[in-house]
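Chain residues, written in single-letter form:
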Amino acid sequence: MRLLIAAVGQKQPAWADLAYEDFAKRFPAELPLLLKAVKAEPRGGKSAEQLMAAEAVRLEAAVPKGARRVVLDERGTRMTTTELARRLEFWLGDGRDLVFLVGGPDGLDPALKATADETLRLSDLTLPHAFVRVFLAEALYRAWSLRNGHPYHRE
Ligand SMILES: C[S@@+](CC[C@H](N)C(=O)[O-])C[C@H]1O[C@@H](n2cnc3c(N)ncnc32)[C@H](O)[C@@H]1O
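Notes on the structure follow. Computed from a predicted structure; not experimentally measured.

Thresholds, definitions, all that
- All residue numbers refer to positions counted from 1 along the written sequence of the respective chain.
- Local features in a predicted model are, by the rule used here, given only for residues with pLDDT of at least 70; side-chain atom pairs are given and counted only at 80 or more, and totals for whole chains, interfaces and linings are based on all residues.
- Processing note: side-chain calculations cover all non-hydrogen atoms of the structure and skip hydrogens and water entirely.
- We count a stretch as a helix when DSSP gives it H or I for four or more residues in a row; a strand needs E for two or more, and each element gets its number in order from the N terminus.
- Both definitions apply: the radius of gyration is a C-alpha atom measure, and the globule rule equals 2.2 Å times residues to the power 0.38.
- Think of it in three bands: with a 1.4 Å probe and only protein chains considered, a residue is buried below 20% of the maximum accessible area for its type, exposed above 50%, and partly exposed in between.
- Whether two residues are in contact is decided by their heavy atoms: any pair within 4.5 Å suffices.
- Between 30 and 60 degrees the pair is tilted, below 30 it is stacked and above 60 it is edge-to-face, where a pair is any two Phe, Tyr or Trp rings, Trp via its six-membered ring, whose centres lie within 6.5 Å.
- Strand pairing is defined by DSSP finding a minimum of two bridges between the two strands.
- Throughout, an axis means a line fitted to C-alpha atoms (over the contacting stretch in the case of helices), and angles, computed between N-to-C directions, take values from 0 to 180 degrees.
- One heavy atom suffices: a residue is near a molecule or strand as soon as one of its heavy atoms comes within 4 Å of it.
- Polar contact criterion, stated in full: a pair of N or O atoms within 3.5 Å, where within protein one must be able to donate a hydrogen and the other to accept it, and residues adjacent in sequence count only if both atoms are side-chain atoms.
- Three classes are used: nonpolar for Ala, Val, Leu, Ile, Met, Phe, Trp, Tyr, Cys and Pro, charged for Asp, Glu, Lys and Arg, and polar for all others, with Gly counted as polar.

Once that is clear, we can look at the overall build of the protein. Within the protein one finds five helices and five strands. For the protein, the N- to C-terminal ordering of α and β elements is β-α-β-α-β-α-β-α-β-α. At 15 Å, the protein has a C-alpha radius of gyration in line with the 15 Å of a compact globule built from 155 residues. Structurally, the protein occupies a C-alpha span of about 50 × 30 × 30 Å along its principal axes. With 155 residues in all, the protein has 45% of them scored as buried. Of the contacts made within the protein by residues no fewer than 6 positions apart, 81% connect residues no fewer than 24 positions apart.

Okay, here's the thing in structure tokens:
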């Protein structure tokens, strides 16, 4: 099984790519963290609804068949690291791929959000989309560490 982040935005600042890779490469071969970055819709003259709908088609294409869907949303479920580690344990229990959906500057299309099995809030603050994939990779790595008794996480 795989952990997959499907996120809007293929061209991110170098710091975001570097930071994301720094965490992604720590995952073990049996549970890789993969990033599927989809193209952001060109902004000029389109409504937020049109932009989100176009990006939703690309995100949908990035979701493996049968994957459990977790939507990243600042209004989603708030979790501590311990709760996320327990949730990860539960998610990994059925062997399905796990996909985390991250929107672009305008957010996620409501119809795509409605397909979520779960939602996840990383902070009460709205975070820039380049930062969310980094934050999420670190949070998942920390949760994985806790679950596996790895010293990265200290209570
Ligand atoms: C710049 S935000 C979009 C904000 C947009 N106004 C909205 O209502 O979603 C880009 C994406 O990052 C993710 N995101 C931003 N802040 C987040 C947070 N605090 N927790 C979880 N995901 C977040 C969401 O997937 C969001 O679609």
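This part covers the packing of aromatic side chains. What describes a pair of aromatic rings is the distance from one ring centre to the other and the angle between the planes of the rings. With the rule as written, the count across this model stands at six aromatic pairs. Look at Trp15 and Phe131: their rings are 6.4 Å apart centre to centre, the planes differ by 55°, and that puts the pair in the tilted class. Taken together, the positions of Trp15 in helix 1 (residues 14-24) and Phe131 in helix 5 (residues 129-147) put the pair 116 residues apart, joining distant regions of the chain. Given the relative accessible area of 32%, Phe131 is considered partly exposed. For the pair Phe27 and Tyr141, a centre-to-centre distance of 5.7 Å together with 70° between the ring planes defines the contact as edge-to-face. Here Phe27 is found in the loop between helix 1 and strand 2 (33-38), whereas its partner Tyr141 is found in helix 5, with 114 residues between them in sequence. Judged by its relative accessible area of 5%, Tyr141 is buried.

So, about the sheet that holds strand 3 (residues 68-72). Backbone hydrogen bonds are what pair the strands of a sheet, in a parallel or an antiparallel way. One open sheet holds the five strands; their spatial order is 2-1-4-3-5, and the pairing between them is parallel. Every other strand in the sheet has two partners, leaving strand 2 and strand 5 (118-120) as the edge strands with one partner each. Geometrically, the sheet is characterised by an average inter-axis angle of 25° between neighbouring strands, direction not taken into account. Bridge analysis of strand 1 (residues 3-8) against strand 4 (residues 98-102) gives five bridges, and the strand direction is parallel.

For the ligand, the set of nearby residues contains 20 residues, the closest of which are Leu72, Leu122, Ser123, Leu125 and Leu127. Note that an oxygen atom of the ligand is positioned 2.6 Å from one of the backbone N or O atoms of Leu72. Contacts to the ligand include Arg75, whose side-chain N or O atom sits 3.0 Å from an oxygen atom. Residues of the shell around the ligand, tallied by class, amount to nine nonpolar, six polar and five charged.

Interpretation note: all reported values are geometric properties and have no functional meaning in isolation.
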